[in-house]
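Structural overview for review
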Amino acid sequence: MTARARQTTPDLKPWGFVAPALLWTLCFFVAPFVVMAAMSLWERVGTDLVASWSFVNYAKFFERGHYLEAMLNSLEVTAIVTVTSILLAYPFAWILAEKVPARWQRLALVLAILPFWTSYVVRSYSWLLVLANNGVINQVLTGLGIVDDPLSLANSRSATVIGFVHFFVMLLTLTIYANLVQLPPNYRKAAQDLGANGLQTFWHVILPLTLPGIMVGAFLTFVLCIGDYITPQILGGNQELLMPQVIMLQIGRRADFPTASALAILLMVVVTIAYLGFARWIRLERA
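Residues numbered from 1 in each chain as written. Predicted model: local features only at pLDDT ≥ 70, side-chain atom pairs only at ≥ 80, totals over all residues. Heavy atoms only, no water.

**Considering the overall build of the protein**
Counted only if it meets this: Labels follow the DSSP assignment, with helices taken as runs of H or I lasting at least four residues and strands as runs of E lasting at least two, numbered in each case from the N terminus. Atoms counted for the radius of gyration: C-alpha only. Globule rule: 2.2 Å times residue count to the power 0.38. The buried label applies to any residue whose accessible area, calculated with a 1.4 Å probe on protein chains only, is under 20% of its type's maximum; exposed applies above 50%, and partly exposed to all values in between. Contacts: residue pairs with any heavy atoms within 4.5 Å of one another. Neither His nor the chain ends contribute to the count of charged residues, in which Lys and Arg are positive and Asp and Glu negative. For the purpose of locating charges, the reference atoms are NZ of Lys, CZ of Arg, CG of Asp and CD of Glu.
Along the protein, the regular secondary structure elements total 13 helices and two strands. In terms of overall size, the protein is more extended than a compact globule, its C-alpha atoms giving a radius of gyration of 25 Å where 287 residues would be expected to give roughly 19 Å. Projecting the C-alpha coordinates of the protein onto the three principal axes gives extents of approximately 90 × 70 × 35 Å. Across the 287 residues that make up the protein, the buried fraction comes to 38%. Across the protein, contacts joining residues at least 24 apart in sequence account for 70% of those joining residues at least 6 apart. Here the protein contributes 18 positive and 14 negative side-chain charges, whose respective centroids are spaced 15 Å apart.

In structure tokens form, the structure reads like this:
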């Protein structure tokens, strides 16, 4: 083969490296998504699924108030969890990056990610035991005489938020910590030389430079939280349904796969909108 022929022949070696990941994505993401999108245009008539190819299932979302209410509940809980996790994670990440000696930081990080080593289901049931009427918190409060009757902590939105925050604080801590340790100390010294005090240095220098890490962690928290079914089901007690629970009810109780598919597509639309909102900082983080 001549040199010119070798130059014109396409090099297939890169495709050999990409092919496994591409095949995996096509089989386990693209194909299921296409099937779900097609199913959302069908209808359940009696016990049969009819390929009507209409948007009637999407219309149900706006016509039936409990679907819209479930979406709003999901957005509210996700917003509360995200903001609370950021407020708790930033000081924790700051302590790890600035106050813990460098030789102990790896050990501190290992201790910080210990919750990830426990099953998600186990953590949720553990919080249920802690927050129950006869749980640890109520036993302590009644034992100390602070309250006469047990507080209703479990089976509520507050319990769901607590369970979520317990997990996502550590996730946000890692993303924020990764930004903090990469900041050159000269930035702080330059701000001090220009007359900035500690609060001004943080607000005008440290916080803007660590904002990409905050936003990446916030986006991951948003995506994982709004699509989670286990924690609201265990800790919420069906007192306030979130969107994943409503979707599972369509499947488990009514076998209404077209409506469940339409609701899942709408939930993905919300996540896509969130991604577009976070895209600026995500691109900056990649850079």
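There is more to say, and it comes next.
**A look at the pattern of salt bridges**
What counts here: The term salt bridge refers to a side-chain nitrogen of Lys or Arg lying within 4 Å of a carboxyl oxygen of Asp or Glu.
Counted according to the given criterion, the structure contains four salt bridges. Close ionic contact of Arg-157 with Glu-240 constitutes a salt bridge, the shortest N to O distance being 2.8 Å. With a gap of 83 residues between them, Arg-157 in helix H8 (residues 157-180) and Glu-240 in the loop between helix H11 (230-235) and helix H12 (243-252) connect regions that are remote in the sequence. Residue Arg-254 pairs with Asp-256 through a salt bridge whose shortest N-O separation is 3.0 Å.

**As for helix H6 (residues 120-131)**
As a reminder, the rule being used: The length a helix should cover is 1.5 Å for every residue beyond the first. Working note: the arc is built from the helix axis to C-beta atom directions.
The terminal C-alpha atoms of H6 lie 17 Å apart, and with 12 residues this matches the ideal 16 Å at 1.5 Å per residue to within 8%. Among all positions of H6, only Tyr-120, Arg-123, Ser-124 and Leu-131 are buried. Seen along its axis, H6 keeps its buried residues to an arc of 100°; they face one direction. Against the buried residues of H6 lie helix H7 (136-143), H8 and H11.

**Topic: the side chain of Thr-221**
The cut-off we apply is this: Within 3.5 Å is the distance limit for a polar contact, defined as a pair of N or O atoms, with the added protein rule that one can donate a hydrogen and the other accept it, and that residues adjacent in sequence qualify only through two side-chain atoms.
Along the chain, Thr-221 turns up in helix H10 (residues 198-226). Looking at Thr-221, the relative accessible area reads 0%, which means it is buried. Only 2.8 Å separates the side chain of Thr-221 from the backbone oxygen of Gly-217, close enough to count as a polar contact. With residues near it in sequence (within four places) discarded, Thr-221 still touches Val-81, Thr-82, Phe-168, Leu-171 and Leu-172.

**Looking at a nonpolar patch on the surface**
Condition: Surface patches are defined over residues having more than 30% relative accessible area and no salt bridge, joining like charges when they lie within 9 Å and nonpolar side chains (Val, Leu, Ile, Met, Phe, Trp, Tyr) when within 5 Å. Under the convention used here, a 1.4 Å probe and the Shrake-Rupley method define accessible areas, while residue burial counts only the protein chains that appear.
On the surface, Leu-12, Trp-15, Phe-17, Val-18, Leu-22, Leu-26, Phe-29, Val-30, Phe-33, Val-34 and Met-268 cluster together into a nonpolar patch covering about 1100 Å² of accessible area. If one sorts the elements of the nonpolar patch by residue count, helix H2 (residues 13-39) sits on top with nine residues. Tracing the sequence through the fold places Phe-29 in helix H2.

**A look at the confidence of the model for the protein**
Our working rule: Confidence of the predictor at the level of single residues is captured by pLDDT, which takes values from 0 to 100.
When pLDDT is averaged along the protein, the result is 87; 94% of the residues meet or exceed 70. Looking over the protein, one finds the lowest element-wise mean pLDDT in helix H1 (residues 3-8), namely 54, and the highest in helix H4 (residues 65-99), namely 93.

**Considering the nonpolar core**
For clarity, the cut-off: Take the buried residues of types Ala, Val, Leu, Ile, Met, Phe, Trp, Tyr and Cys, join any two whose side-chain atoms come within 4.5 Å, and each joined set is a nonpolar core.
Membership of the largest hydrophobic core comes to 40 residues, with the highest contact counts inside it found for Val-81, Tyr-90, Phe-164, Phe-168, Ile-176 and Leu-180. At 12 residues, H8 tops the list of elements feeding residues into this core. Those residues in contact with Tyr-90, other than ones at most four positions away along the chain, are Ile-176, Leu-180, Phe-202, Ile-206, Leu-207, Thr-210 and Ile-214. Counting 21 residues, the second-largest nonpolar core is a separate cluster that includes Tyr-58, Ile-247, Leu-263 and Val-271.

**Looking at the packing of H4 against helix H5 (residues 102-112)**
For any two helices packed against each other, one specifies the inter-axial angle together with the distance between the axes. Filter applied, for reference: The axes used here are C-alpha line fits, helices contributing only the stretch in contact, and every angle between their N-to-C directions lies in the interval 0 to 180 degrees. Roughly parallel refers to an angle under 35 degrees, roughly antiparallel to one over 145, roughly perpendicular to one between 65 and 115, and oblique to any angle outside these ranges. Working rule for handedness: look at the near helix, and if it is turned counterclockwise from the far one by less than a right angle, call the crossing left-handed; if clockwise, right-handed. Only Asp, Glu, Lys and Arg are considered charged in this grouping, and only Ala, Val, Leu, Ile, Met, Phe, Trp, Tyr, Cys and Pro are considered nonpolar; every other residue, Gly among them, is considered polar.
The N-to-C vectors of H4 and H5 enclose an angle of 155°; their axes lie 9 Å apart at closest approach. Relative to H5, the element H4 lies roughly antiparallel. Like other packed secondary-structure pairs, H4 and H5 cross with a definite hand, here right-handed. Contacts from Phe-92, Leu-96 and Ala-97 in H4 reach Gln-105, Ala-108, Leu-109 and Ala-112 in H5. Along the lines of polarity and charge, the residues of the contact of H4 with H5 split into six nonpolar, one polar and no charged.

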